[in-house]
Amino acid sequence: DLFSSEAEVHEQGLADRAVEALRARGLIYEGVLERPKSLDPHDEWEPVELTLFKATEYGDDQDRPVKKSDGSWTYFGGDLAYHFQKARDADQLIDIWGADHAGTVKRIKAAVAALTEGKVPFDVKLVQMVRLLRAGEPVKMSKRSGNFVTLADVVNEVGKDVVRFTMLTRKADAQIDFDFAKVVEASKDNPVFYVQYAHARISSLGRKAPETVANLPAEADLSLLDEDELGLVKLAAQFPRVIEQAASSHEPHRIAFYLGDLAAAFHALWNKGNDDPEKRFLLAQNPEMTRARLELANGIGQIVRNGLALMGVKAVEEMH
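Notes on the structure follow. (Residues numbered from 1 in each chain as written. Predicted model: local features only at pLDDT ≥ 70, side-chain atom pairs only at ≥ 80, totals over all residues. Heavy atoms only, no water.)

The next subject is the sheet that holds strand β2 (residues 49-53). Strand pairing in a sheet relies on backbone hydrogen bonds, with the paired strands running either antiparallel or parallel. Strand order across the open sheet formed by three strands is β1-β2-β3, with antiparallel pairing between neighbours. For this open sheet the edge positions go to β1 (28-32) and β3 (64-65), each flanked by a neighbour on one side alone. One ladder, built from two bridges, connects β2 with β3; its direction is antiparallel. Bridge pairing in β3 links phenylalanine 53 to arginine 64. (Pairing = 2+ DSSP bridges. Helix = DSSP H or I, 4+ residues; strand = E, 2+ residues; numbered from the N terminus.)

Spatially, β7-β6-β8 is the arrangement adopted by the three strands of the open sheet, whose pairing is mixed. Unpaired on one side and paired on the other, β7 (137-138) and β8 (176-179) mark the two borders of the sheet. Examined bridge by bridge, strand β6 (residues 130-134) and β8 share four bridges and lie parallel to one another. Paired with leucine 132 across the two strands is phenylalanine 178, which belongs to β8.

Next up on the list: the packing of aromatic side chains. All told, the structure shown has eight aromatic pairs when counted by the stated rule. Relative to phenylalanine 76, the ring of phenylalanine 53 lies with its centre 6.0 Å away and its plane at 25 degrees, an arrangement referred to as stacked. Of the two residues, phenylalanine 53 is situated in strand β2 and phenylalanine 76 in helix α2 (residues 75-87); the sequence distance between them amounts to 23 residues. On the accessibility criterion, phenylalanine 76 (6% relative accessible area) is buried. On the numbers, 5.5 Å between centres and 45 degrees between planes, the contact of phenylalanine 266 with phenylalanine 281 is tilted. (Phe/Tyr/Trp six-rings, centres within 6.5 Å; stacked < 30°, edge-to-face > 60°. Buried < 20%, exposed > 50% of the residue type's maximum accessible area, 1.4 Å probe, protein only.)

It is worth spelling out the side chain of histidine 83 at this point. Following the sequence through the fold, histidine 83 ends up in helix α2. Of note is the side chain of histidine 83, whose polar atom sits 2.8 Å from the backbone oxygen of aspartate 79. Residues in contact with histidine 83, not counting those within four places in the same chain, are Asp95, Ile108, Val112, Leu115 and Phe122. (Polar contact = N/O pair within 3.5 Å; in protein donor to acceptor, adjacent residues only side chain to side chain. Contact = heavy atoms within 4.5 Å.)

This brings us to unusual backbone geometry. Glycine aside, negative phi is the norm for most residues, and most peptide bonds take the trans geometry. For alanine 135, which is not glycine, the phi torsion reads 55 degrees and is therefore positive. By the secondary structure assignment, alanine 135 is in the loop between β6 and β7. In this structure, histidine 250 takes a positive phi of about 55 degrees despite not being glycine. Assignment of secondary structure puts histidine 250 in the loop between α8 (239-249) and α9 (253-275).

Within the fold, phenylalanine 257 resides in helix α9. Remark: the alpha-carbon pair of phenylalanine 257 and threonine 169, spanning 88 residues in sequence, is separated by 6.6 Å.

On to the nonpolar core. In terms of nonpolar packing, the biggest core is built from 42 residues, with Phe165, Tyr258, Leu262 and Ile300 touching the most fellow members. Secondary-structure elements contributing two or more residues to this core are α4 (151-158), α5 (160-167), α6 (191-212), α7 (227-236), α8, α9 and α10 (287-310). With eight residues, the single largest contributor to this core is α9. Excluding anything up to four places from it in sequence, tyrosine 258 contacts Leu235, Ala236, Gln238, Phe239, Val242 and Ile303. Within the second largest apolar cluster, 29 residues are counted, among which are Leu14, Trp73, Ala111 and Val120. (Core = buried A, V, L, I, M, F, W, Y, C linked by side-chain atoms within 4.5 Å.)

A word on the pairing of strand β5 (residues 122-127). Relative to β5, strand β4 (residues 93-98) runs parallel, the two sharing six bridges. Across the sheet, residue tryptophan 97 finds its bridge partner in β5, namely leucine 126. Read from β4 through helix α3 (residues 105-115) to β5, the crossover connection turns out right-handed. (Right-handed = clockwise from strand over helix to strand, strands pointing away.)

The next point concerns the packing of α7 against α10. Axis separation between α7 and α10 bottoms out at 11 Å; the angle between their running directions is 25 degrees. In terms of their interaxial angle, α7 and α10 are classed as roughly parallel. In the crossing of α7 with α10, the sense of the turn from one axis to the other is left-handed. Counting all contacts with α7, which are made through Glu229, Leu232, Val233 and Ala236, the residues of α10 involved are Arg293, Leu296, Ile300 and Ile303. (Axes fitted to C-alpha atoms, helices over the stretch in contact; angles between N-to-C directions. Parallel < 35°, antiparallel > 145°, perpendicular 65-115°, else oblique. Left-handed = near helix turned anticlockwise from the far one by under 90°.)

Structural data, given as structure tokens:
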């Protein structure tokens, strides 16, 4: 029985209500679907009357059955119930599916448009597979032999922050190669490390400044910043627009990309101090310039923290 559990009985009630709501608007009818085009002309086919949703009125290729000939709900009927419940108090709906469900996008979009009368924006994000690697070699898995790696296993090995950030460094429709060795590598080629390292460096400035530079001014004179430093300010100023674009396009990877660029620009500025001592952030003999550069660094640190927080990642104070 499709609805044998308590949860399924609840779903059945929702499906009934969803169908009745659509029936009241003339969008549910009893009818027969056309012969499937995939069938061989010589194959036997018997038309069966089904309960159908007028999906074609909302851009789908054909009307969709919500019940089988025996009266039980189809998978689409269950999807109808789910979205009927979710849409009631929603300002916007976003479904995240595996790429193998691409063929059902049209019918679900049609259903949500009908259920909400087009008043609730709806988007479907299709995500590609994640390929697990160890030092470049694929991790062998087999469902048949019971040899597989779960997401919990991955989180336990490298940490949730690493997993979240790495997963968000690709567009939803791009395949991800998740290499256990590379995601914990302390190098600029590892975006997780590089962004976290930028925040750790900025945090270290706050700890070292009071003992390194005496008589720091209370206010920063940002007119002291040079062209390279102002370039970092301009990049930092793009943060609100990046967030807006990521939200409107449902593409959180934009935040990860931006944080990577911001971290790279900060590290480049930091490294100039290795060649020219006057370019360092902390100058014992120049408290005014130190204060201005600390203000810049603190601003970058705040953006990194905010961006990581949106991704569900904690900014670290020190790298171990």
